[in-house]
Amino acid sequence: MPQIHFLDVTNRDGVQTARTGLSKFGKTMVNFYLGKLGVAQSEIGFPFLFHEVPYVRAQVALAEAGAFGELRLSGWCRGVAQDVEKALPLRLAHYNLSISTSDYMIANKFRGRLDRDTIIREMTAAVRAAKAGGAATVGVNAEDGSRTDDEFLTEFALAAKEAGADRVRYCDTIGGDTPDRIRERFAKLAAAVAMPVETHCHNDLGLAVANSVSGALGDLEAGQDAWINTCINGVGERAGNADLLSTILAFRHGFGLDEHGARIGDPIDLSWARRFALWASYALGQPLPYNQVGAGRNAFAHESGIHADGALKDHGNYELYDEATLGPFPDDWHARPGRVVLTGEYGGKAGFRHVMDGLGIEPVDGELSFKLVQLCNAMTGRPLTDDELRLIGAYPRELEPLFPDLLG
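Colleague: Would you mind going over the pairing of strand 5 (residues 137-143) with me for this structure?
Modeller: Side chains on a regular strand alternate between the two faces of the sheet. The buried fraction of strand 5 is high, at seven of seven residues. Residues of strand 5 alternate between two faces, with Thr 137, Gly 139, Asn 141 and Glu 143 on one and Val 138, Val 140 and Ala 142 on the opposite face, all of them buried. Here strand 4 (residues 94-100) runs beside strand 5; their pairing, made up of seven bridges, is parallel. Each residue of the ladder has a partner; that of Ser 100, found in strand 5, is Glu 143. Pairing analysis gives four bridges linking strand 5 to strand 6 (residues 167-172), with the strands arranged parallel.

Below, the structure is given as structure tokens:
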């Protein structure tokens, strides 16, 4: 039976968000939390960019050491062979290769440089380069797919499949799709090419989650697995991408979806959901709206008489799912009131030992972990969280490649 999988793009589309961003250590923590949550794959960034190279090397080392569980790591490249060839030495096993496909972008973005034939030629050369370089899976992204006509979209996807691609990503790049339309297009395309069509939905109309759910149902209708792109807390370009937690909850609790055989194929553990959402809010410097699904301050708050009375009798009267399933809110060392000793960029070894002992962390390599705490705090510019300190204590040697000029 076809299944639903989540491919989170926080470390690619999310960090492209204007007026925000994550350090390389912050991106590492996104992968850590995605692994804990049980998500299938993380699009970790841009392996062809020089400043991503130390970060990618560290992610590969951490993955091989088991720091991210079964999370698969993928790199995003433009749909040209040169990008792929630059990325291959970093040993990523999965890729997504992107190129624009709509007539609008051919006319107004490429402006005569590329036509449809050239787009397919460039894309297939990139796919073949990735597969020849040992890639286990390759997804091909049709940027502006929602404004690409059915005929060319099918031609593009079939050419990608023939070149060795495993999935095609339908990008609603400007966020104009609607649930009925995207479901119909996904069902038609997935049936025509006999491979999964991956959702990538933007939230310009507030429909990113709804469109992601509907697109996935189109895949299932065609007998194909569904792959859904998400970002933590719905961050992303402009109005954002489909929110990770909202999309998971929709498939777990949305009325009637089980009638369509909507089964999540990833080992999702929602007990990490709040910690991830609150960490991301802290790291990105973006306060969560009170009404943020699952993790917002008011997500399970009741005041009006009828609601309060019903919730006191049985929370199921006014709550769709049990808030306890989302795990605890963070209670981090650095946020303690009153007298507290912290460890960080300018801290000494006594403070480092005090904090690590207080958290029950026995570093694998105390000296290296101490240096990494200083460097990671300097990189993030904010106090390190308990989970960040635990990752540093457990995997200092795998994190070392983040700082090749300072530690190696």
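Colleague: Sorry if this is basic, but what is going on with helix 1 (residues 24-37) here?
Modeller: Every α-helix winds through 3.6 residues per turn, so residues three or four apart in the chain are directed the same way. With 14 residues, helix 1 extends 20 Å between its outermost C-alpha atoms, agreeing within 8% with the 20 Å of an ideal straight helix rising 1.5 Å per residue. Within helix 1, 11 of the 14 residues are buried, leaving the element largely enclosed by the surrounding structure. Within the sequence span of helix 1, burial applies to Phe 25, Gly 26, Lys 27, Thr 28, Met 29, Val 30, Asn 31, Phe 32, Tyr 33, Leu 34 and Leu 37. Note on helix 1: the residue one or two positions beyond its end, Gly 38, has a positive phi of about 90 degrees.

Colleague: Any chance you could explain helix 12 (residues 349-358) here in plain terms?
Modeller: Residues Gly 351, Phe 352, Val 355 and Met 356 constitute the buried set of helix 12. Down the axis of helix 12, the smallest arc covering the buried residues is 125 degrees, so these residues share one side. Structural note: helix 12 exposes Ala 350 and Asp 357 on the side pointing more than 90 degrees away from its buried face. Those residues of helix 12 hidden inside the fold are in contact with helix 13 (366-380) and helix 14 (386-394).

Colleague: How should the sheet that holds strand 6 be read in this particular structure?
Modeller: Strand pairing within a sheet occurs via backbone hydrogen bonds; the two strands may be parallel or antiparallel. A barrel is described by the order of its strands in space; here eight strands give the closed sequence 1-2-3-4-5-6-7-8, paired in parallel fashion. The mean angle between the axes of side-by-side strands here comes to 25 degrees, regardless of whether they run parallel or antiparallel. In this fold helix 1 packs onto strand 1 (4-8), strand 2 (41-45) and strand 3 (72-78), with an angle of close to 175 degrees to the strand it touches most, strand 2. Running at roughly 160 degrees to strand 5, helix 6 (residues 150-163) makes contact with strand 4, strand 5 and strand 6 of the sheet.

Colleague: Can you walk me through the pairing of strand 1 in this structure?
Modeller: For strand 1, a buried count of five out of five residues is recorded, marking the element as mostly surrounded by other parts of the structure. The alternating pattern of strand 1 places Ile 4, Phe 6 and Asp 8 and His 5 and Leu 7 on opposite faces, both of which are buried. Strand direction decides the pairing type here: strand 1 and strand 8 (residues 226-230), joined by five bridges, are parallel. Across the sheet, His 5 pairs through a bridge with Trp 227, a residue of strand 8. With two bridges connecting them, strand 1 and strand 2 associate as parallel partners. Residue Asp 8 lies in a different strand from strand 2, and its bridge partner there is Ser 42.

Colleague: What is the right way to read the state of the cysteines from this model?
Modeller: Note on terminology: disulfide describes a covalent bond linking the sulfur atoms of two cysteines. On inspection of all chains with the given rule, the structure shows zero disulfides. Of all cysteine sulfurs in the structure, the one in Cys 171 sits closest to Cys 77, which takes part in no disulfide; the separation is 15 Å. Overall, Cys 77 belongs to the buried group, its relative accessible area being 0%. Left without a disulfide partner, Cys 231 is nearest to the cysteine sulfur of Cys 201, which lies 12 Å away. Of the residues examined, Cys 231 reaches a relative accessible area of 0% and is grouped as buried.

Calculation rules
Residues numbered from 1 in each chain as written. Predicted model: local features only at pLDDT ≥ 70, side-chain atom pairs only at ≥ 80, totals over all residues. Heavy atoms only, no water. Buried < 20%, exposed > 50% of the residue type's maximum accessible area, 1.4 Å probe, protein only. Helix = DSSP H or I, 4+ residues; strand = E, 2+ residues; numbered from the N terminus. Pairing = 2+ DSSP bridges. Expected span 1.5 Å × (residues − 1). Arc of directions from axis to C-beta. Contact = heavy atoms within 4.5 Å. Axes fitted to C-alpha atoms, helices over the stretch in contact; angles between N-to-C directions. Disulfide = S-S within 2.5 Å.

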